Amino acid sequence: MEKITKEMFTPVSTQDHLIQEMIFDTGATFFKDAWKRFRKNKGGVIGLFAIIFILSMALIGPMLGTHVYNELIAEHIDLPARVPFLENFGIFDGSVNGFNPYITRGLTDVYYWFGTDNLGRDLWARVWMGTRISFFVAFVAVAIDVVFGITYGLVSGYFGGKVDLVMQRVVEVISGIPNLVVVILLVLVLKPGLTSIILALMITGWISMSRVVRSQTLKIKEMEFVLAAKTLGASSFFIIAKEVLPNIIGQIIVMTMFSIPSAIFYESFLAFIGLGLQPPIASLGVLISRGYLAMLTYPHMVTFPVIVLSTLMLSFNLVADGLRDAFDPKMKGF
Amino acid sequence: MEQKPILEVKNLQISFQLNFGVNHVIRDISFHLDKGETLAIVGESGSGKSVTTKSILGLIDDNGAVEVGSCLFRYQKDGKDIEVDLLKCGKDYLQKNIRGNKIAIIFQDPMTSLDPTMKVGNQIMEGMRDHKKVKNRKDAVKRTMELLELVGIDQPEKRINQYPHQLSGGMRQRVVIAIALACEPDVLIADEPTTALDVTIQSQILELIKDIQKKTGVAIIFITHDLGVVANVADRVAVMYAGKIVETGLASEIYYNPKHPYTWGLLSSIPSMSGQNEEILSIPGTPPNLIQPPKGDAFAYRSDYAMAIDFEEHPPMFKVSDTHYVASWLLHPDAPKVNMPSVLRARIDSYKKRGDTHE
Amino acid sequence: MLKYISKRVFWSIVTLLIIIFILFLLLQFMPGTPFDDEKLTEAQRIIMYAKYGLDAPFWQRFGIYLRNILFEGDFGISLALQKNQLVQDIVLPRLGISVRIGLQALMLGTTMGIIYGVISGANKNTWVDTITTFVAVLGVSVPSYVFALLLSYFFGYKWRIFSITYRHGTPFWSSILPTISLSMFVMAQTTRFLRTELIEVLSSEYIKLVEAKGVKRIKVIFRHGIRNALISVVTILGPLTVTLMTGSLVVERVYGVPGIGDLLVEGILTNDFNVIVMIAFIYSALYITMNLAVDILYGIIDPRIRVAKGG
């Protein structure tokens, strides 16, 4: 402690010391903040890595294998999984239920990492091709329903009055019908195929998005600056869009993340009950529904697509959970 | 023989862990509470007043920790005198012996303080029965009715079975007070109990609290950001700024002879009722963030009376009288003589003249 | 309150009627006419056409269709599964089993879900919480048919603990595996939801006040936390019912349960549209009824709605 001298008591202007006024800022925007929080969520991070991994495999997987995905080789039907290095450890050595078709058919130099299906096609390639399809279907469906949901909510909330009333009644009726019924009926009527399935998936997802957007729009609409903009002749529709969207972008991302596994599931479910994609397109769901038939004798046909599908859905759910917690401003400090 | 204070806080320091740093909310405070008196702790939002009292009951959030300090509480149990440091005993001890039982708290917002799905009567009875203050339900009901009357709720027989949403804000706050008094505590902590209420209800609740103190002799710590609210209720006042106590004294000393520039600012910013066209003074600037606490006297950055030493070292408590202490370098013998703003001086003089004596 | 209920009932009925209309519309687009079976005589055919108004213009046909449904529950004739049988005679006998297993799964799922949800919510961020949460995420991610496959493979086939298919003779015992498979999603979703609700409730102001009263932590959780959190759980019963319906299609197939889910899949495979329509209607009606029940239930258990502002 230094000695206190008389000079220290000279008055000082506080202007120089207004540095304290500076707002302590880590320079973090909303997203940087959220990303930091997300990183701490172990589940979310693992999920993210898993998604990236599976996506990569979907892209390059079929090329890594030794066989072409749609080639049918009659002598190679119903072969279990056989992986070169691992077979020395007794796993993936091509045997199932006690017998080994590789040996019995004399296929000593043939390897199929995931085995083959009942038509002799390489399952490794088919699983990854199927993943591409499943991804594609899910993404397109979700993308459309997000856009549609946001638009519907904006329009309904902005115009209000009669328009809103009618639009909300429509929503109520549609949400009164279970998704299951809507999806099945649509696909039935439109004949199972890529477009009809995407359409069906999309129809069921947009409602919750539109609800959120609508309530936010209603809130913003009441604010005075909108009236001011209108008086000045500006189009308040876009102003509202500009105000509503940034506020809810976090929620939108989370909801999108949650709808993807739902879409993937529904697509595979449709395949399972016979309303799936038709050949030659084969998604994971189609593979599973075919493989299930031989589950007891050749479990590998159903196991590999099931694992990939489940992991995919699990990862998206983990990421969605992590994002939801990361965007939640109520989290205290940690 | 002077009685020891029932509550004695010494050199308390509390900080909170945040994402990007440590927030030193309470940087070193000491105060005491005597039996039967009302101590007002005054400060701006964010000065740490609530944190102080919550820490007494061990109710601060998980990311907060008491770094240093003690809080001695003296009470009687089964005829024996007990003295315990509330910050050192575990949560179990606090739950069993202190919370609700000996020290009770009233929160700020009556709209969110009550469980919306439980009848009001049951919420009052909960503490009594858990702490075994009553023998059975019948006694509990009887006592609850008495409490409802004490806090000024009409038709207690009807109210006891109602849900919180059926009561107005003022009534809900009365219920909260009744809950606090249920076990006849020694100390009542009122954390901004009137801030969320309409002005007319505010004065009713203040009157009620005063009344209760007269009837039961409970000691009260009254937390507020509004010196005006406290004027009629407090025996002693402690003014807090940036996690430290800057001035403390009897109510009359603080109101008629304030010495710290922050206190001047607070008193000046109360709109005057005299109707003359006075300036309403406000304190420029904002409270500092305590993640990087300022060196020296934290208030200096907003004060018109700052001196070089204020930016170097924090002032100690200077004694003005046995009961009046001020933490400001302005009271150092080497400091220039400074007077409170003339507007404030005039106002205080007019109060004195009008005979607004304060006991 | 009564006004609210009657309004909801009214709109539910309207929705059902609209659904019937939509179903009717879709029927018009689906190929194939009934009654082109050779076994029918011309006279019979004429009678049938008249009964179902197949020669009449659109709106008249719809009117007849609607009347048949509302007054007789008559959804027409099966086109493929059991030709010339009334659809209702095929569907209704199978309804009971599906409802029973569905209810079993719902009860099992929600009960276990609540228990797990409380355990993980009350012990937030401990290892108990982490494990429970992870298992719950797994439960909502892994499709129900995978569970059905796994459970039937291991417990039914390999280890032979439970029966692999449903048998009428042992209505309860052989329904265990289907019930468990079906309940997985419900259990997992309830756990997640209750956990979130409980955590939110436990961080509210009034819980702080209860703690300040000196109430023991565990009593705080049970007396105040769980009660408030449970109220919100009621709101997810509607969507959960849908997942049960969806799941039942596969679970019934895998275990050979003769319910309407299995029948629906059959109908889809054979393009028996009348069967499909009737079952679709039943599902919709179940869903709407469930939603209505949930709304009413919520109004009863939440005192803020049940007891109007008075005094």
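What counts, and at which threshold
- Residues numbered from 1 in each chain as written.
- Chains lettered and ligands numbered in written order.
- Predicted model: local features only at pLDDT ≥ 70, side-chain atom pairs only at ≥ 80, totals over all residues.
- Helix = DSSP H or I, 4+ residues; strand = E, 2+ residues; numbered from the N terminus.
- Buried ≥ 20, exposed ≤ 12 C-beta atoms within 10 Å, placed from the backbone.
- Contact = placed C-beta atoms within 7 Å.
- Axes fitted to C-alpha atoms, helices over the stretch in contact; angles between N-to-C directions.
- Parallel < 35°, antiparallel > 145°, perpendicular 65-115°, else oblique.
- Left-handed = near helix turned anticlockwise from the far one by under 90°.
- Nonpolar A, V, L, I, M, F, W, Y, C, P; charged D, E, K, R; others polar.
- Pairing = 2+ DSSP bridges.
- Expected span 1.5 Å × (residues − 1).
- pLDDT = per-residue confidence, 0-100.
- Arc of directions from axis to C-beta.

Digging into the overall build of chain A
- The helix and strand inventory of chain A stands at eleven helices and zero strands.
- Put simply, chain A runs from its N terminus to its C terminus through helices and strands in the order α-α-α-α-α-α-α-α-α-α-α.
- When each of the 334 residues of chain A is scored for burial, the buried share is 41%.
- Across chain A, contacts joining residues at least 24 apart in sequence account for 71% of those joining residues at least 6 apart.

Quick word on the interface of chain A and chain C
- Each partner contributes to the interface: chain A provides 32 residues, whereas chain C provides 33 residues.
- Put simply, the parts of the chain that give the side of chain A that touches chain C at least two residues each are helix H5 (161-176), helix H6 (179-190), helix H9 (236-272) and helix H11 (300-327) of chain A.

Some words on the packing of helix H6 (residues 144-158) of chain C against helix H10 (residues 237-255) of chain C
Residue and element names in this part refer to chain C.
- In contact at an axis separation of 9 Å, H6 and H10 are set at 20° when each is read in the N-to-C sense. Taken together, the axis directions place H6 and H10 in an arrangement best described as roughly parallel. Of the two elements, H6 crosses H10, and the hand of that crossing is right-handed. Counting all contacts with H6, which are made through Ser144, Tyr145, Ala148, Leu149 and Ser152, the residues of H10 involved are Gly247, Val250, Val251, Val254 and Tyr255.

Some thoughts on the packing of helix H4 (residues 87-122) of chain C against helix H7 (residues 176-202) of chain C
- It is at 6 Å that the axes of H4 of chain C and H7 of chain C come closest, and there the two elements cross at 35°. Between H4 of chain C and H7 of chain C lies a crossing of right-handed hand.

Considerations on the interface of chain B and chain C
- Contacts between chain B and chain C engage 25 residues on the former and 22 residues on the latter.
- At three residues, the largest contribution of residues to the side of chain B that touches chain C is made by helix H3 (residues 120-130) of chain B.
- Of the residues belonging to the side of chain B that touches chain C, the class tally is eight nonpolar, eleven polar and six charged.

Some thoughts on the pairing of strand S2 (residues 21-33) of chain B
Residue and element names in this part refer to chain B.
- As paired elements, strand S1 (residues 7-18) and S2 share eight bridges and run antiparallel to each other. Paired with Gln17 across the two strands is Val22, which belongs to S2.
- Here S1 folds back onto S2, and the loop between the two strands holds two residues.

Some thoughts on helix H7 (residues 199-216) of chain B
Residue and element names in this part refer to chain B.
- Helix length check: H7, at 18 residues, gives a terminal C-alpha distance of 26 Å against a target of 26 Å (1.5 Å per residue), a fit within 8%.
- Where H7 is buried, its residues touch helix H4 (137-150), helix H6 (169-181), strand S7 (187-191), strand S8 (219-224) and helix H8 (227-230).
- Within two residues after H7, Gly217 carries a phi angle of roughly 70°, on the positive side.

Comments concerning the environment of Gly64 of chain B
Residue and element names in this part refer to chain B.
- Following the sequence through the fold, Gly64 ends up in strand S4 (residues 64-77).
- Once the C-alpha coordinates of Gly64 and His324 are considered, the two residues, 260 residues apart in sequence, prove to be 31 Å apart.
- Once you skip the residues sitting within four places of it in the chain, Gly64 turns out to touch Ile14 and Phe16.

Some details on unusual backbone geometry
Residues and elements named next belong to chain B.
- Located in the positive-phi region is Asn11, a residue other than glycine, with phi close to 50°.
- Even without being a glycine, Ala242 presents a positive backbone phi close to 50°.
- Looking at where Ala242 falls in the secondary structure, it is placed in the loop between strand S9 (236-241) and strand S10 (244-250).
- Classification of Ala242 as buried rests on a count of 25 C-beta atoms within 10 Å.

Some remarks on the confidence of the model for chain B
- Confidence along chain B averages 85 in pLDDT terms, with 95% of residues attaining 70 or more.
- Scored as a whole, the predicted complex attains pTM 0.82, and scored at its interfaces, ipTM 0.83.

Observations regarding helix H2 (residues 91-98) of chain B
All names here are of chain B.
- Three or more residues of H2 are buried, namely Leu94, Gln95 and Ile98. End-on, the buried residues of H2 take up no more than an arc of 120°, which puts them together on one face.
- Buried residues along H2 sit against strand S6 (103-106).
- Phi turns positive, to about 75°, at Gly100, one or two residues after H2.

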